[in-house]
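Working through the structure, step by step
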Amino acid sequence: MNALDTKINAAFPGLVVRKDLVKAVKGNAIVPTYVLEYLLGQYCATSDEASIQSGIETVKEILRKHYVHRNEAGLVRSNVREKGRYKVIDKIGVALNDKNDAYEAEFANLGIKKVVVDSGTVKSHPKLLVAGVWCIADVEYEHTEDKAVSPWILGTLKPIQLSHFDYEAYLKARQEFTTDEWIDLLIQSIGFDPEMFGKRSKLIQLMRLIPFVERNYNLIELGPKGTGKSHIYSEFSPHGILISGGEVTVPKLFVNNQSGKLGLVGYWDVVAFDEFAGRQKRVDKSLVDIMKNYMANKTFSRGVETLGAEASMVFVGNTKHNVPYMLKHTDLFEEVPEKYYDSAFIDRLHAYIPGWEVDVIRGEMFSIGYGFVVDYLAEILRHLRSDDYSDRYKDLFRLSSAISTRDRDGINKTFSGLMKILFPGGGASKEETEELLRLSIEGRKRVKDQLMRIDTTYPDIDFSYFAAGDRKIAVTTLEEDEYPTYYRRRAAAQQEGQPEIQEEVVSRNSVPSISKAESVLPDAREGHRVLSENQKGVSFDLLFGPYVRGARKITLTDPYIRLFYQVRNLMEFIETVVKHKAPEDEVDIHLVTARDDLKADQQKANLLSIEESCLGSGVNFTWEFDGAGTIHARHIVTDTGWKISLDRGLDIFQHYEMNDAFSLSNRLQQFRSAKGFEVTYMRLG
């Protein structure tokens, strides 16, 4: 275990589990993660390796004996008959048979129906009445000559979820962790390795949890397929349900007026619509109208009666086009089904998660460290739904008065959710509070900016806030910084044959901004450039090309050219120099770096390989280790008088698929997500 895992086990004994164990026990059991982790939490919530291995075998045996596979349902039914009583793990749904005035259960995998359930069980677990719940149940068999009586009897039933927790102990243990450590613990809890993500990417992952901690929170995430958008809502919590966007009806979601049966929003904390995108989907307009009212007012009508519910609504779907295409030709909601492509519906969304900033999930991204048993964390988040943290920035910052009430509500609910997740007991610094406030504003701004493109009646809103001393701070979205040319146009105006509206965008960089739309390199000039985490379209060509052109000698100082990916960055920098030099010229590139004491031989071998590969290219590569071990600054100096100060050196890209020869991010730098970094260009002498 690393230091963080040791700390996690000490702070939350018996409540955390090693995340790679789920794969070890799952086999071919098609059950949600929270079901498996519930069992692992009973037998493997420890750091003792011997106990873990023993627990794994116990859980495997429980699944082997009691989990019902559909293709083995007949054998399990036979076991129940022969033994008279048998324990099963299955998804159980209950319905009221009004003819017999009795509740009857149906076992999804076991394939038995009309199993009588006592009303006390239904009252204790009302979610059995809607969509079903995973349970551990004792099933009995007692044959009778009366054909109207089912031979199947439900003995005991226990939903697979935590029965109790100590919230005060949770708050106390949270104080033992720094903010970064806590974020990493949460990322490990949802199954990912925090080392594979930057700070912004981690916060975007945690934004997916806000619907579990905020009542009546409306969230949308659209982006490329394979980024894990629906995983949280199907596997993470027993209080959320994931349904296909094309299978929703008014009775299923809200209320059946004929039977009076309440729909999903009355029983679940989160209702998520999977595969929500697709313009050709058939959608009932009356459903959209009821949903708009519910999302705005938390109520829906059943005849003359008005009912309320607390379920948060989440919409996840795939996009067909990349961001610059959507911004140039349509908008970021282009894949929303036609009936939902309605300004009133879209305006009720509190935040839009930029799914295109989330990497496609790869095997190396999964965690092998310790995280909360997800059922425990799910109960904590549910407990926090009753609290309101939306005012916890107001002593430090205030929103612009130009922000409307609906926009303000969206920002406040997102901020409240993030604060509950990260700082349940308070204690956020001013900088941390501001970071969450900016992310919350950005989430709502993304919704409103696209509404301006869809409906020209929506006014332009100044999404800014004020810090101490009335210092005004404007908030932009990442795609706004990346594609300013396309971002500010109003699509609706063009559709009406009106000229395209272009608004001047002031860049926060004093040198030309980097955009994937740029095909011509900017001229070399002094200035400062700030790049945001997850920004794409960044390459060494754009950053360094104009400044190394014409140089005959270049010195690169970077103490961290040690690991393989760092040496690869060095090779790509040399490739940039080769592209921008004249074929007849020779360039000397000299590296000053620090020795890697742990893998010095490998480091030296890699640098020698680069030296050899440069032979005949017109580049003479040399290198040296800083003997004093005192270098910290990272910069590039050319004999043409340029000094480029790099706060991260050449290490500007987040993890990407380095071993896939067919991955564009492997082949082309502009398809990689950048880390947040700054570059300063200075003239010497």
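See the structure printed just above.
**Some points on the overall build of the chain**
For the chain, the helix and strand inventory stands at 25 helices and 24 strands. Over its C-alpha atoms the chain spans a radius of gyration of 29 Å, differing by no more than 12% from the 26 Å that the globule rule assigns to 685 residues. Along the first, second and third principal axes, the C-alpha set of the chain runs to 100 × 65 × 45 Å. Buried residues in the chain amount to 54% of all 685 residues. Residue pairs in contact within the chain that sit at least 24 positions apart in sequence constitute 73% of those at least 6 positions apart. For the chain, the exposed area adds up to about 30,500 Å²; of that, 48% sits on carbon and sulfur atoms. Of the side chains in the chain, 88 bear a positive and 99 a negative charge, and the two mean positions are spaced by 3 Å.

**A word on empty space enclosed by the protein**
If you walk through the whole model with that rule in mind, you get 5 cavities of 30 Å³ or more. Split into classes, the residues belonging to the lining of the largest cavity amount to 4 nonpolar, 5 polar and 2 charged.

**Let's talk about the pairing of strand 16 (residues 464-467)**
By the alternation rule, side chains of strand 16 split into Ser 464 and Phe 466 and Tyr 465 and Ala 467, which are all buried. Bridge count between strand 16 and strand 17 (residues 471-474): 4 bridges; the pairing is antiparallel. Among the inter-strand pairings, Phe 466 is bridged to a residue of strand 17, identified as Lys 472. Counted along the chain from strand 16 to the antiparallel partner strand 17, the turn is 3 residues long, and its residue Gly 469 has a positive phi close to 75°.

**A few points about the layout of surface pockets**
Volume-wise, the largest pocket comes out at about 980 Å³. Taken together, 47 residues make up the lining of the largest pocket; nearest its centre are Tyr 34, Lys 91, Gly 132, Val 133 and Trp 134. Where the lining of the largest pocket is concerned, the elements lending two or more residues are strand 5 (133-141), strand 6 (152-159), helix 11 (231-236), strand 8 (240-244) and helix 16 (374-383). Per-element accounting of the lining of the largest pocket gives the leading share, 5 residues, to strand 8. Residue composition of the lining of the largest pocket, grouped by class: 21 nonpolar, 15 polar and 11 charged. Forming the walls of the second largest pocket are 31 residues, and the residues nearest its centre are Pro 224, Trp 356, Asp 359, Lys 536 and Phe 671. By residue class, the composition of the lining of the second largest pocket is 12 nonpolar, 9 polar and 10 charged.

**Side note on the sheet that holds strand 24 (residues 677-683)**
Two strands in a sheet stick together by hydrogen bonds in their backbones, pointing the same way (parallel) or opposite ways (antiparallel). With mixed pairing, the 7 strands of this open sheet are ordered in space as 18-24-23-22-19-20-21. Of all strands in the sheet, those with a lone pairing partner are strand 18 (527-531) and strand 21 (619-625), marking the two edges. Across the sheet, the mean angle from the axis of one strand to that of its neighbour is 15°, orientation sign disregarded. Where strand 20 (residues 587-593) lies against strand 21, 7 bridges are found, and the strand directions are parallel. If you follow Ile 589 over to strand 21, its bridge partner there is Phe 621.

**Comments concerning the packing of aromatic side chains**
The geometry of an aromatic ring pair comes down to the distance between the two centres and the angle between the two planes. For the structure on display, the rule yields 36 aromatic pairs. Arranged with centres 6.1 Å apart and planes meeting at 45°, the rings of Phe 12 and Trp 182 form a pair that is tilted. In this pair, Phe 12 sits in the loop between helix 1 (3-11) and strand 1 (16-18) while Trp 182 sits in helix 8 (residues 179-189), placing the two residues 170 residues apart along the sequence. By relative accessible area, Phe 12 is classed as buried at 2%. The class of Trp 182 is buried, set by a relative accessible area of 0%. Residues Phe 12 and Phe 372 carry aromatic rings whose centres are separated by 4.7 Å and whose planes lie at 80° to one another, so their mutual orientation is edge-to-face. Taken together, the residues span a long stretch of sequence, with Phe 12 in the loop between helix 1 and strand 1 and Phe 372 in strand 14 (residues 370-372) at a distance of 360 residues. Taken together, Phe 12, Tyr 167, Tyr 170, Phe 177, Trp 182, Phe 372 and Tyr 376 form an aromatic cluster joined through their ring pairs. The aromatic ring of Phe 177 is capped on one face by Lys 7, whose charged end is 5.4 Å from the ring centroid. The cationic tip of Arg 392 hangs over the ring face of Tyr 389; the distance from NZ or CZ to the ring centre is 3.7 Å.

**With respect to the side chain of Gln 603**
The topology assignment puts Gln 603 in helix 24 (residues 600-613). In this structure the side chain of Gln 603 is engaged in a polar contact, spanning 2.9 Å, whose partner is the backbone oxygen of Ala 594. Residues contacting Gln 603, with those up to four places away along its chain left out, are Ile 561, Arg 562, Thr 593, Ala 594, Arg 595, Asp 596 and Phe 625.

**Regarding a negative patch on the surface**
A cluster of like negative charges, contributed by Asp 387, Asp 388, Asp 391 and Asp 395, occupies part of the molecular surface. Within the element layout of this structure, Asp 387 appears in the loop between helix 16 and strand 15 (398-399). A relative accessible area of 30% places Asp 387 in the partly exposed class.

**Some details on helix 23 (residues 564-580)**
With 17 residues, helix 23 ought to run about 24 Å at 1.5 Å a step, and its terminal C-alpha atoms sit 25 Å apart, in line with that. Along helix 23, the positions that sit buried rather than exposed are Gln 566, Val 567, Arg 568, Asn 569, Leu 570, Glu 572, Phe 573, Ile 574, Thr 576, Val 577 and His 580.

**A word on the side chain of His 635**
Of note, His 635 is situated in strand 22 (residues 635-638). Setting aside its immediate chain neighbours within four residues, His 635 contacts Thr 555, Leu 556, Thr 557, Lys 643, Ile 644, Ser 645 and Leu 646.

**Quick look at the environment of Val 68**
Inspection of the secondary structure assignment puts Val 68 in the loop between helix 4 (49-66) and helix 5 (73-83). Taking the C-alpha atoms as reference points, Val 68 and Ile 30, 38 residues apart in sequence, are found 9.6 Å from one another. When neighbours within four sequence positions are excluded, Val 68 is seen to be in contact with Ala 73, Val 76, Val 88, Ile 89, Asp 90, Asn 109 and Leu 110.

Reading the values: the criteria
- Residues numbered from 1 in each chain as written.
- Predicted model: local features only at pLDDT ≥ 70, side-chain atom pairs only at ≥ 80, totals over all residues.
- Heavy atoms only, no water.
- Helix = DSSP H or I, 4+ residues; strand = E, 2+ residues; numbered from the N terminus.
- Rg over C-alpha atoms; globule rule 2.2 N^0.38 Å.
- Buried < 20%, exposed > 50% of the residue type's maximum accessible area, 1.4 Å probe, protein only.
- Contact = heavy atoms within 4.5 Å.
- Areas by Shrake-Rupley, 256 points an atom, 1.4 Å probe, with all protein chains shown as cover.
- Lys, Arg positive; Asp, Glu negative; His and termini not counted.
- Charge placed at Lys NZ, Arg CZ, Asp CG, Glu CD.
- 1 Å grid on protein atoms, 1.4 Å probe; cavity = no way out; pocket = protein on both sides within 12 Å on 5 of 7 lines; lining within 4 Å.
- Points joined across faces, edges and corners; volume = space filled by probe spheres on them.
- Nonpolar A, V, L, I, M, F, W, Y, C, P; charged D, E, K, R; others polar.
- Pairing = 2+ DSSP bridges.
- Axes fitted to C-alpha atoms, helices over the stretch in contact; angles between N-to-C directions.
- Phe/Tyr/Trp six-rings, centres within 6.5 Å; stacked < 30°, edge-to-face > 60°.
- Lys NZ or Arg CZ within 6 Å of the ring centre and 35° of its normal.
- Polar contact = N/O pair within 3.5 Å; in protein donor to acceptor, adjacent residues only side chain to side chain.
- Patch = residues over 30% accessible without salt bridge, like charges linked within 9 Å, V, L, I, M, F, W, Y side chains within 5 Å.
- Salt bridge = Lys/Arg side-chain N within 4 Å of Asp/Glu carboxyl O.
- Expected span 1.5 Å × (residues − 1).

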